[in-house]
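Listed here are the chains, written in short residue letters.
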Amino acid sequence: MFDLVIRGGSVVSPHGVGEWDVAITGERIAALTEPGAIEPASARRNVNAAGRLVIPGGIDPHVHCKWHMPMPDGSAQLTDGPEVVSRAALHGGTTTLIDFAARSEPLPLREIVARRDADWVDNCYCDYAYHLMLLGDIEPDVLSELEGLLVDGYPTVKIFTTNITPSRAGRMLHFGDIWEVFKILSRNGGLGVIHAEDNDIVMHMYEKLIREGRVSFHNLAEVHNALSEDLSFRRVIHLAHAERTPLYMMHVSAGTGVRAIREARANGQAVYGETLHQYMLYGSEDYRRTNGQIYHTYPSLKSPEDQAELWAGTLDGSINAVATDEICCSLRLKTIGDRIDDTTGGNAGVEPRLAVMYHEMVTQRGYSLERYVDLVSSNAARIMGLYPRKGALAAGSDADIAVLDPTVRRKVRLEDLHETDYSPWEGHDVSAWPVMTILRGKVVVEDGRFHGERSDGRYLLREIPDLIREGPAL
Ligand SMILES: [Zn+2]
């Protein structure tokens, strides 16, 4: 007896796209079968998915929940927590989030993880994991503790090569510390997840624009520019080459970043690229729109030529995943800063990501369904050490499933969303929308009705395969 059989849909599986029935027992996929091969009486519930697309639940490898958000007056706010973001994610067909456990205080790393667990356990509707995030000065005993954590299921370490803004000193790592961390990542199954900008160039541009009185956020692309991305990507990739450290370059925003990744991969290096849907679809001209800050995240929106290179990167393997850099907060907080040095980053987009990218990739650009699923789900699972448990519709995988209705023709409407009081995606065309989301066999969203519970989400310990770490495997 199966618990659930999803019948008659177009299923995107690791073996291609086909009309299969998906049978689920407990939390896992039991089988993909020929249509009708399982008698309806052999399932506790049968779902008719005729005319629908059945894909692995989305994976967003870059979100920030309950996150420190500096305010222009020097105070700080926290962004919305996992209970808000994970619910919106499930409504949008995303079933796994990867956030960060940031060492923002000089505490042992295991204490940092325990504190992060306090924010998440029994407070998240979907499955989740954290990247460890190192900040500022790194004491030697942190490095030795890191070795143990990497092999205990926390194999990814976020590193900044810049403080991002002048007021956020203490964020970047010294290059020598990055070198030491890279050695440890190489030896212990790790992966560096990198925010790379050239701190000298960025801080120089802050000084210059402030001196010239050009402090409006409209000028953010001049500060967080493509040359900075070029210099920093190449420096950090070169260091990784010396230590044979695999890297995942977060939120690639410029053509220079895509080219640096492409060249490293051609050279056999295990370097993977992530971009964000806002970098692909919004440019620095969008800062001029009403509440233009809502489109911003750091580094910055760039030019149409940069956007074209990001899109090209999704076709040649330089860009492997499309994330959100989710920051969920009110419109008031997102727009309270309006200078180059105090504008809030992040994007409230975890919910419409799958639908918007379906429209842009499949409908507008003719991407195959497999490529679309790779970019919004499977590749993140592969790189981050979750595959094939996550990111695959196959026997034995977790039954994390999004059922999309591809007959929808409309625009994203704020009233359809569950994130906050605004959306940078409002008005964007969509040509598919999730009608059912399943998390480990449980139907958590059906026709807009939410059935999840805060205790549903589970922490995912991870291990990155050697194949991913040894060369450009995707
Ligand atoms: Zn981020």
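Just above sits the structure.
Residues numbered from 1 in each chain as written. Predicted model: local features only at pLDDT ≥ 70, side-chain atom pairs only at ≥ 80, totals over all residues. Heavy atoms only, no water.

A count of helices and strands for the protein chain gives 14 helices and 25 strands. Across its three principal axes, the protein chain shows a C-alpha extent of roughly 70 × 50 × 40 Å. Looking at the protein chain as a whole, 62% of its 474 residues are labelled buried. If you take every contact in the protein chain between residues at least 6 apart in sequence, the share linking residues at least 24 apart comes to 75%. Accessible area of the protein chain: about 16,800 Å², with a carbon and sulfur share of 49%. The averaged location of the 67 negative side-chain charges in the protein chain is 1 Å from the averaged location of its 48 positive side-chain charges. (Helix = DSSP H or I, 4+ residues; strand = E, 2+ residues; numbered from the N terminus. Buried < 20%, exposed > 50% of the residue type's maximum accessible area, 1.4 Å probe, protein only. Contact = heavy atoms within 4.5 Å. Areas by Shrake-Rupley, 256 points an atom, 1.4 Å probe, with all protein chains shown as cover. Lys, Arg positive; Asp, Glu negative; His and termini not counted. Charge placed at Lys NZ, Arg CZ, Asp CG, Glu CD.)

Right, let's talk about the packing of helix 4 (residues 175-187) against helix 7 (residues 226-243) for a bit. Interaxial distance between helix 4 and helix 7 falls to 9 Å at its minimum, and their mutual angle equals 40°. Relative to helix 7, the element helix 4 is oriented oblique. Along this stretch, helix 4 crosses helix 7, giving a crossing that reads as right-handed. Across the interface between the two elements, Phe 175, Ile 178, Trp 179, Phe 182, Lys 183 and Ser 186 from helix 4 touch Arg 235, Val 236, Leu 239, Ala 240 and Glu 243 from helix 7. Broken down by class, the residue content of the contact of helix 4 with helix 7 amounts to 7 nonpolar, 1 polar and 3 charged. (Axes fitted to C-alpha atoms, helices over the stretch in contact; angles between N-to-C directions. Parallel < 35°, antiparallel > 145°, perpendicular 65-115°, else oblique. Left-handed = near helix turned anticlockwise from the far one by under 90°. Nonpolar A, V, L, I, M, F, W, Y, C, P; charged D, E, K, R; others polar.)

Another aspect to go through is the coordination of the zinc ion. Within the protein, His 62 (NE2), His 64 (NE2) and Asp 325 (OD) serve as the donor atoms for the zinc ion, at 2.0 to 2.2 Å. Mapped onto the sequence, the donors of the zinc ion take the spacing H-x1-H-x260-D. Taken together, the residues His 64 in strand 9 (residues 63-64) and Asp 325 in the loop between strand 18 (321-323) and strand 19 (326-327) connect sequence positions 261 residues apart. A residue is classified by how much of its surface remains accessible, and His 64, at 6% relative accessible area, is buried. Taking relative accessible area as the criterion, Asp 325 reaches 5% and is therefore assigned buried. (Donors = N, O, S within 2.8 Å, 3.2 Å for Na, K, Ca; no water.)

Right, let's talk about the environment of His 62 for a bit. Mapped onto the fold, His 62 is located in the loop between strand 8 (58-60) and strand 9. Look at His 62 and you get buried, because its relative accessible area is 1%. Taking C-alpha positions, His 62 is 9.7 Å from Ala 380, a pair spaced 318 residues apart along the chain. When sequence neighbours within four positions are dropped, the list of residues in contact with His 62 reads Ile 98, Phe 100, Lys 158, Met 250, His 251, Glu 274, Leu 276, Ala 323, Thr 324, Asp 325 and Glu 326.

Right, let's talk about the sheet that holds strand 1 (residues 2-7) for a bit. In space, the 4 strands of this open sheet follow the order 5-4-1-6, with mixed pairing throughout. Looking at strand neighbours, the two that pair on one side only are strand 5 (28-33) and strand 6 (43-48), the edges of this open sheet. Across this sheet, the average inter-strand angle for adjacent strands is 20°, counted without regard to direction. Bridge count for strand 1 against strand 6 is 5 bridges, and the pairing is parallel. Looking across to strand 6, one finds that Val 5 is bridged to Asn 46. (Pairing = 2+ DSSP bridges.)

Let us now look at the side chain of Thr 161. Mapping Thr 161 onto the fold places it in the loop between strand 14 (156-160) and helix 4. For Thr 161, the side chain forms a polar contact with the main-chain oxygen of Glu 197, separated by 2.7 Å. There is a polar contact of 3.1 Å between the side chain of Thr 161 and the side chain of Ser 232. With residues up to four places along the chain from it excluded, the contact list for Thr 161 reads Met 172, Ile 178, Ile 194, His 195, Ala 196, Glu 197, Asn 199, Ser 232 and Val 236. (Polar contact = N/O pair within 3.5 Å; in protein donor to acceptor, adjacent residues only side chain to side chain.)

Read across the open sheet, the 7 strands follow the order 3-2-7-20-23-24-25; overall the sheet is mixed. Both edges of this open sheet fall to strand 3 (16-19) and strand 25 (449-450), since each of them pairs with a single strand only. Relative to strand 25, strand 24 (residues 442-446) runs antiparallel, the two sharing 2 bridges. When the bridges of strand 25 are listed, Glu 446 appears paired with Arg 449. Each of strand 2 (10-13), strand 3, strand 7 (53-56) and strand 20 (401-405) touches helix 13 (residues 369-384); the most contacted strand, strand 7, lies at about 40° to it.

Attention now goes to the pattern of salt bridges. Opposite charge on two side chains permits pairing when their charged atoms draw close. What the rule picks out here adds up to 36 salt bridges. Between Asp 398 and Arg 28 there is a salt bridge whose closest N-O contact spans 3.7 Å. Here Asp 398, found in the loop between helix 13 and strand 20, pairs with Arg 28, found in strand 5; they are 370 residues apart in sequence, far enough to count as distant. Salt-bridge contacts for Arg 45 lead to Glu 446; the nearest nitrogen and oxygen are separated by 2.6 Å. Pair noted here: Arg 45 is in strand 6 and Glu 446 is in strand 24, with a separation of 401 residues, a long-range link. We classify Glu 446 as buried; its relative accessible area is 17%. If you follow the salt bridges from partner to partner, you end up with Glu 27, Arg 28, Asp 127, Arg 389, Lys 390, Asp 398, Asp 400, Arg 440 and Arg 458 in one network. (Salt bridge = Lys/Arg side-chain N within 4 Å of Asp/Glu carboxyl O.)

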